[in-house]
Amino acid sequence: MASAADPDPTQRMEKTISTRPTVSPRRSYSKAQLDEIAQRYRTWGRWGSDDEAGSLNYITRERRAAAGALIRTGKSFSLAIPLDRNGPMPARSARVNPQHVMYKHGGDLLADWDNAQHGMQSTDDGIYMPLQCATQWDAFCHVFYDGVTYNGHGPQTVTSQGAVHNSIAQVSDRVVGRGVLLDFPRFFGVDWLEPEAAIQDVDVEACAEAQGVEIGEGDIVLIRTGHMRRRREEGEEHWGDYAAGPAPGLGVSAADYLLPRKIAAVASDTWGLESVPSESLPEAKFALHVIFLVNAGVLIGEMWDLDQLAADCAADGIYEFFLSAQPLTVTGAVGSPLNPIAVK
């Protein structure tokens, strides 16, 4: 495990890797193979038939308290992208970028200045946004596979009024604990991974070992691919197909490394967490969503901004931290925006 006392921590990864590895080849999975993996990691009923927290149950009070002890310097990092009209949602998409509007602004005060210049006045604003158009969590009920979602609930449990079971609001106080960052561009010695690159189980294991960090029960694992950095370097006004096109991410086999360790959640700097297109096409558009959300009850986070945190982790060699990543308490919501905060 990383330690602030390690000598010359900025060189740990370089010393560990004698020859720079390359990302493993993509693999392919049939429906039968996908179903076997999903069944293997299914946690339905483990915490009761009425459970709606899934693997967040692994974040116990004791583990949350231990995560607080990881705060050494007090440095904090917001892992959210801005909520504004310059976001990554593509044109002609049902998921538009956030639309911030002013209900009352300074011009309104000036228009009635004879009265407004005296005493207290106020401004007011609002926002319209799909709940999954920026940094966000997918709720378990966001995805159904073969007609069911987590803990065996059918589509009748998500009505026009929202989700009856597995709403993101059900875990509004659960996503706080130990965060672990896996920085794959630095591990592979590149600025970013190329679209469609699939990070396999052996890559996850090797990266964690090189960083000197262990992934354990109740951890919230953050996967950096550099995909967001690439868009920034190309100009933030040019998100292009960031939120709809091919992307690097976890391969299906990454589940074989992460899930036996009983992680609570996993998030990434891409729009879909996993490699796009999926290694299970055409059987499932997003295989890891089926495995993590529907079966293992592991939250999936997307479009997280991990660049500043990654730079700090590379500088001090410490890839673990306290992480607070609470969703909004939107009743019945199948996803939620958030402002995750990592504290080191």
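Residues numbered from 1 in each chain as written. Predicted model: local features only at pLDDT ≥ 70, side-chain atom pairs only at ≥ 80, totals over all residues. Heavy atoms only, no water.

**Concerning helix α11 (residues 307-316)**
Next, step 1: Taken together, the buried positions of α11 are occupied by Asp307, Leu309, Ala310, Asp312, Cys313 and Ala314.
Next, step 2: Gly317 sits one or two positions beyond α11 and adopts a positive phi of about 75°. (Buried < 20%, exposed > 50% of the residue type's maximum accessible area, 1.4 Å probe, protein only. Helix = DSSP H or I, 4+ residues; strand = E, 2+ residues; numbered from the N terminus.)

**So, the layout of surface pockets**
Next, step 1: A volume near 260 Å³ is recorded for the largest pocket.
Next, step 2: Lining the largest pocket are 17 residues, and of these Arg95, His142, Trp271, Phe286 and Glu302 lie nearest its centre.
Next, step 3: When its residues are assigned to classes, the lining of the largest pocket shows eight nonpolar, six polar and three charged. (1 Å grid on protein atoms, 1.4 Å probe; cavity = no way out; pocket = protein on both sides within 12 Å on 5 of 7 lines; lining within 4 Å. Points joined across faces, edges and corners; volume = space filled by probe spheres on them. Nonpolar A, V, L, I, M, F, W, Y, C, P; charged D, E, K, R; others polar.)

**So, the nonpolar core**
Next, step 1: Residues Trp137 and Leu222 are the most contacted members of the largest nonpolar core, which totals 78 residues.
Next, step 2: For this core, the element with the most residues is helix α10 (residues 287-296), which contributes eight residues.
Next, step 3: Not counting the four nearest positions on each side in its chain, Leu222 is found in contact with Leu79, Val180, Leu181, Leu182, Ala267, Trp304, Leu306, Leu309, Phe321 and Leu323.
Next, step 4: Judged by nonpolar contacts, the second largest core, of 13 residues, contains Met89, Met129, Ala134 and Ala243. (Core = buried A, V, L, I, M, F, W, Y, C linked by side-chain atoms within 4.5 Å. Contact = heavy atoms within 4.5 Å.)

**Here's the deal with the sheet that holds strand β14 (residues 335-337)**
Next, step 1: Across the sheet, which stays open at both edges, the nine strands sit in the order β1-β15-β13-β7-β9-β11-β12-β4-β14 with mixed pairing between neighbours. Each of the sheet's edge strands pairs with one partner strand only, and the pair in question is β1 (76-78) and β14. Along the sheet, successive strands turn relative to each other by an average axial angle of 25°, direction set aside.
Next, step 2: By the bridge criterion, four bridges tie strand β9 (residues 220-224) to strand β11 (residues 265-268) in an arrangement that is parallel. From the neighbouring strand, Val221 faces β11, where its bridge partner is Val266.
Next, step 3: Lying over the sheet, α11 contacts β1, β7 (176-183), β9, β13 (320-324) and β15 (341-343), oriented at roughly 80° with respect to β7. (Pairing = 2+ DSSP bridges. Axes fitted to C-alpha atoms, helices over the stretch in contact; angles between N-to-C directions.)

**Concerning the confidence of the model for the protein chain**
Next, step 1: Chain-level statistics for the protein chain give a pLDDT mean of 93 and a share of 94% at 70 or above.
Next, step 2: Under a pLDDT of 50 for its full length, residues 1-5 has, in the predicted model, 13 contacts with residues more than four places off or in other chains. (pLDDT = per-residue confidence, 0-100.)

**Notes on empty space enclosed by the protein**
Next, step 1: Scanning all chains against the criterion turns up one cavity of 30 Å³ or more.
Next, step 2: Of the pockets and cavities examined, the largest cavity occupies roughly 40 Å³.
Next, step 3: Considering the residues around the largest cavity, the lining is formed by Glu52, Ala139, Phe140, Asn166, Ser167, Ile168, Val171 and Leu299.

**Points about the state of the cysteines**
Next, step 1: Counted by the stated rule, this structure contains zero disulfides.
Next, step 2: For the unlinked cysteine Cys133, the closest cysteine sulfur is that of Cys141, found at 18 Å.
Next, step 3: Left unpaired, Cys313 is separated from the closest cysteine sulfur, that of Cys207, by 11 Å.
Next, step 4: Under the relative-accessibility criterion, Cys313 is labelled buried at 0%. (Disulfide = S-S within 2.5 Å.)

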